[in-house]
Amino acid sequence: MIVLLDGMVLENTSFDSSDRGAVLAAIHKSVASKGRIVSSLSLDGENISEESFLASTQGQELHVKTDSIRNLVSESLQEASRYLPVLVAGLGRIADSLEREKVKDAADSFRQASDGIDWLIHVLTHCQNLLGLKDTEILDGKLDEVRNSLNGRLKDVSASLEAGKYFELSFRLRNELIPELEKLVAYTHSLGAFADGRVQ
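Residues numbered from 1 in each chain as written. Predicted model: local features only at pLDDT ≥ 70, side-chain atom pairs only at ≥ 80, totals over all residues. Heavy atoms only, no water.

With respect to the pairing of strand β3 (residues 36-43)
Here seven bridges tie β3 to strand β5 (residues 61-68), and the two strands are oriented antiparallel to one another. Among the inter-strand pairings, V38 is bridged to a residue of β5, identified as T66. As judged from the three bridges shared by β3 and strand β4 (residues 46-48), these two strands associate in the antiparallel manner. When the bridges of β4 are listed, L43 appears paired with E46. (Pairing = 2+ DSSP bridges. Helix = DSSP H or I, 4+ residues; strand = E, 2+ residues; numbered from the N terminus.)

So this is what it looks like as structure tokens:
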């Protein structure tokens, strides 16, 4: 089997091409050594997932497209930066709805917002790991503390919702969850600076 990484033949590798796991391991090792990540695979001209490739037994030519880890991280953080103020504004509207006793709308919207917060936390954690940064290297070194606090606030707010304590829920949204969420703005920008090479 011929393996091409971004159009170049993968050389200096010793693996049995029938061992798909060994092929993928060699690809990931080569790609990672260049600070890149696999973005897509195509086997004999057909796009294929890694899982499908592992299960395959046919194919003569595997094309692998890659992307820079820093580019991937930078794009993810830009998306997170755009989403954060939208999420904060949405939580404010949920609190407004609760205070106007529009409970069902607020509850449905909060569940979506909760998924959004989980996504943000995942993005920041994943990007931090890809950049190989410790908490102590990012701003005041308290990103993990903020993440844990945010998760705790989210559980408290969810508990208020489940208990039907809607005015308490509104209070917690405005005075606990939103301020904690806003702390992520600075960390997102800091991680973005690392990804863009503005911090050495």
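We are not done yet, so read on.
Overview of the pattern of salt bridges
Counted by the stated rule, this structure contains 11 salt bridges. The salt bridge partner of R153 is E176, with a shortest N-O separation of 3.7 Å. With a gap of 23 residues between them, R153 in helix α5 (residues 143-162) and E176 in helix α6 (residues 166-182) connect regions that are remote in the sequence. Taking the relative accessible area as the measure of exposure, R153 reaches 29% and is therefore partly exposed. (Salt bridge = Lys/Arg side-chain N within 4 Å of Asp/Glu carboxyl O. Buried < 20%, exposed > 50% of the residue type's maximum accessible area, 1.4 Å probe, protein only.)

Quick word on the packing of helix α3 (residues 69-99) against helix α4 (residues 103-131)
At a closest axis distance of 9 Å, the pairing of α3 and α4 adopts a crossing angle of 155°. Here α3 is positioned roughly antiparallel relative to α4, judged by the angle of their axes. Two packed elements cross with a definite hand, and for α3 against α4 that hand is left-handed. Among the residues making up the contact of α3 with α4, the classes are represented as 22 nonpolar, four polar and two charged. (Axes fitted to C-alpha atoms, helices over the stretch in contact; angles between N-to-C directions. Parallel < 35°, antiparallel > 145°, perpendicular 65-115°, else oblique. Left-handed = near helix turned anticlockwise from the far one by under 90°. Nonpolar A, V, L, I, M, F, W, Y, C, P; charged D, E, K, R; others polar.)

Brief notes about unusual backbone geometry
Working note: non-glycine residues mostly have negative phi, and peptide bonds are mostly trans. Although it is not a glycine, D6 adopts a positive phi angle of roughly 50°. By the secondary structure assignment, D6 is in the loop between β1 (2-5) and β2 (8-9). The exposure class of D6 is partly exposed, given its relative accessible area of 42%. You will see that D44, though not glycine, has its phi angle at about 50°, which is positive. Summarising the element assignment, D44 is placed in the loop between β3 and β4. You can call D44 partly exposed: its relative accessible area is 44%.

Section: α4
Taking 1.5 Å per residue as the helical rise, α4 with its 29 residues ought to reach 42 Å, and the 42 Å between its terminal C-alpha atoms agrees with that figure. Looking one or two residues beyond α4, the residue adopting positive phi is G132, at roughly 70°. (Expected span 1.5 Å × (residues − 1).)

Structural notes on the sheet that holds β3
If you trace the five strands from one edge of the open sheet to the other, you get β2-β1-β5-β3-β4, paired in mixed fashion. Either end of the sheet is taken by a strand with one partner, and the two such strands are β2 and β4. Bridging between β1 and β5 involves four bridges; their strand directions are parallel. Bridge pairing in β5 places L5 opposite V64.

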